[in-house]
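The lines below spell out each chain.
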Amino acid sequence: MDFSLSPEQRLLVETARKFVASDLMPLEDEVESARALDPAKARAIFQRSKALGLYAVNIPTELGGGGLSALDTCLAEEQFGHTTDILIRRAFGNVYEVLLLANDRQRQIWLLPCVRGERTFSVAFTEPGAGSDAAGIKTRAVRHGAGWRLSGQKIFVSDAMFSDFFVVSAVTDPGAGAQDGNTMRISLFIVDKGLPGFTLGRDQPMMGLAGTSHMELFFDNVALGPEHLLGEEGRGLSHAFATLGRIRLAHIGARAVGRATRILKLMTDHAGERRQFGQALGEFQMVQQMLADSAIEINAARLLVLHAAHDIDQGRDARERISMVKVYAAEMLGRVADRAVQVFGGSGFAKGLPIERFYRDARVFRIFDGTSEIHRAVVARALLKHGSARFADIL
């Protein structure tokens, strides 16, 4: 069991770290103030990232992506997590693995242009009455000739303002009830912005994540052809569960580790430089405890992330381990950010330093991509079904 990075992995981490520090971090204050990213600067960081081979690293090389393993993707995503959400999106892309379900025609229209950075898409699953309960959606897709008619509403669709198409979940077999966990009633559709009957609603202002839009989508009898069905009819949730776990691991787990690592560095530097009562803050044992606990928890979260990524690369079902990561990494980030506010004192609560922004941004990690409560339930059900040895035993 070797925990050291290979030369190639070290180069990947160093390249991503340098790019984030030199090209993205200097834009953070501007994004926070304007709550938007200048389009010219967005284009510039995209071009720079693509030249470095950091765009769409999770997509196979035969499709034009970076072809990284799940583990290597998480190594890169940890470095991406050092900066803010909108800069990550514009620099590294939103090419979610769910689009790998595309057939040959769909690849040409939607997938390959995304990998090249010519198109951008968002996933639209959440509804006013269905958040963590993905099977409880009301959006309907009704058969109409060879195609479909889509009607319904989605909310909190991240990056919807920038995206030009969406992967949308809809009920295609209302006769199969949502009770008892029935997932054979929902399908996925690719829906282009601008189709007749498709309108954007308001951009919901958020507590954090400045610069990233979170919009409502409305579908009023939107005509879709057979080419808009993504994957198999009736297997939408199965497809989502099978493909979005890797994104959850990278975008929540790995990025939370990266963000917490940056926060810990700021805390440690401040504790060494700030003096009170004739000594450095870092000499007070209660401050030392906050620093030590943060370092311990960051390392534990990183190992959870890499373990789950390794399982994916070995072809094992990592769903429950990813749920463990989601809970622990998200809550770890919240604790580290909270400690940072305490160590920085008044300046940690004030605008001008990034600490209060990190604190606000960290809160949503426990909510999106499934709440902590939902993922704890996933782990508990697996324990009760398979026994504790599945997760608690080394063998």
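Just so you know, these numbers come straight off a predicted model, no measurement behind them. (Residues numbered from 1 in each chain as written. Predicted model: local features only at pLDDT ≥ 70, side-chain atom pairs only at ≥ 80, totals over all residues. Heavy atoms only, no water.)

Novice: Residues and numbers for the side chain of E320, please.
Specialist: Its location among the elements puts E320 in helix α9 (residues 319-344). Leaving out residues up to four positions away in the same chain, E320 has contacts with V378, V379, A382, R390 and F391. (Helix = DSSP H or I, 4+ residues; strand = E, 2+ residues; numbered from the N terminus. Contact = heavy atoms within 4.5 Å.)

Novice: Describe the side chain of R360, with residues and values.
Specialist: By secondary structure assignment, the location of R360 is in helix α11 (residues 355-363). With relative accessibility at 14%, the residue R360 sits in the buried group. Only 2.7 Å separates the side chain of R360 from the side chain of E32, close enough to count as a polar contact. The residues contacting R360, other than those within four sequence positions of it, are E32, M207, G208 and K351. (Buried < 20%, exposed > 50% of the residue type's maximum accessible area, 1.4 Å probe, protein only. Polar contact = N/O pair within 3.5 Å; in protein donor to acceptor, adjacent residues only side chain to side chain.)

Novice: Would you mind going over the packing of helix α4 (residues 70-80) against helix α7 (residues 236-273) in detail, with residue names and values included?
Specialist: As a packed pair, α4 and α7 sit with axes 7 Å apart at the nearest point and diverge in direction by 40°. Here α7 runs oblique to α4, going by the angle between their axes. Considering the relative orientation of α4 and α7, their crossing is right-handed. Touching A70, T73, C74, E77 and E78 of α4 are R246, L249, A250, H251, A254, R255, V257, G258 and T261, all from α7. A class-by-class count of the residues in the contact of α4 with α7 yields 6 nonpolar, 4 polar and 4 charged. (Axes fitted to C-alpha atoms, helices over the stretch in contact; angles between N-to-C directions. Parallel < 35°, antiparallel > 145°, perpendicular 65-115°, else oblique. Left-handed = near helix turned anticlockwise from the far one by under 90°. Nonpolar A, V, L, I, M, F, W, Y, C, P; charged D, E, K, R; others polar.)

Novice: Outline the environment of A256, listing residues and values.
Specialist: Tracing the backbone through its elements, the reader meets A256 in helix α7. Assessed through its relative accessible area of 0%, A256 is described here as buried. Note: C-alpha distance between A256 and F80 (176 residues apart in sequence) is 9.8 Å. In this structure, A256 is in contact with A329, M332, L333 and F365, ignoring residues within four places of it in sequence.

Novice: How would you summarise a nonpolar patch on the surface if you had to cite specific residues and measurements?
Specialist: On the surface, a cluster of nonpolar side chains totalling about 450 Å² of accessible area is made up of M1, F3 and L303. Its location among the elements puts F3 in the segment before α1 (7-24). (Patch = residues over 30% accessible without salt bridge, like charges linked within 9 Å, V, L, I, M, F, W, Y side chains within 5 Å. Areas by Shrake-Rupley, 256 points an atom, 1.4 Å probe, with all protein chains shown as cover. Salt bridge = Lys/Arg side-chain N within 4 Å of Asp/Glu carboxyl O.)

Novice: Any chance you could break down the layout of surface pockets for me, citing the residues and the numbers?
Specialist: Approximately 1000 Å³ is the volume found for the second largest pocket. Taken together, 30 residues line the second largest pocket, and the ones lying closest to its centre are F3, L303, L306, H307 and H310. Elements with a contribution of two residues or more to the lining of the second largest pocket: α1, α4, α8 (285-313), α9 and α13 (389-392). With 7 residues, α8 is the single largest residue contributor to the lining of the second largest pocket. For the lining of the second largest pocket, the per-class residue count stands at 14 nonpolar, 5 polar and 11 charged. (1 Å grid on protein atoms, 1.4 Å probe; cavity = no way out; pocket = protein on both sides within 12 Å on 5 of 7 lines; lining within 4 Å. Points joined across faces, edges and corners; volume = space filled by probe spheres on them.)

Novice: Requested: an account of α1, with residues and values cited.
Specialist: Compared with an ideal rise of 1.5 Å per residue, which puts 18 residues at 26 Å, α1 spans 25 Å between its outermost C-alpha atoms and is within 8% of the ideal. Burial in α1 covers these residues: Q9, L12, V13, A16, F19, V20 and L24. Viewed along the axis of α1, the buried residues span an arc of 135°, placing them on a single side of the element. Opposite the buried face of α1, by more than 90 degrees, sit the exposed residues P7, L11 and K18. Next to the buried residues of α1 lie α2 (28-34), α3 (39-51), α4 and α5 (85-92). (Expected span 1.5 Å × (residues − 1). Arc of directions from axis to C-beta.)

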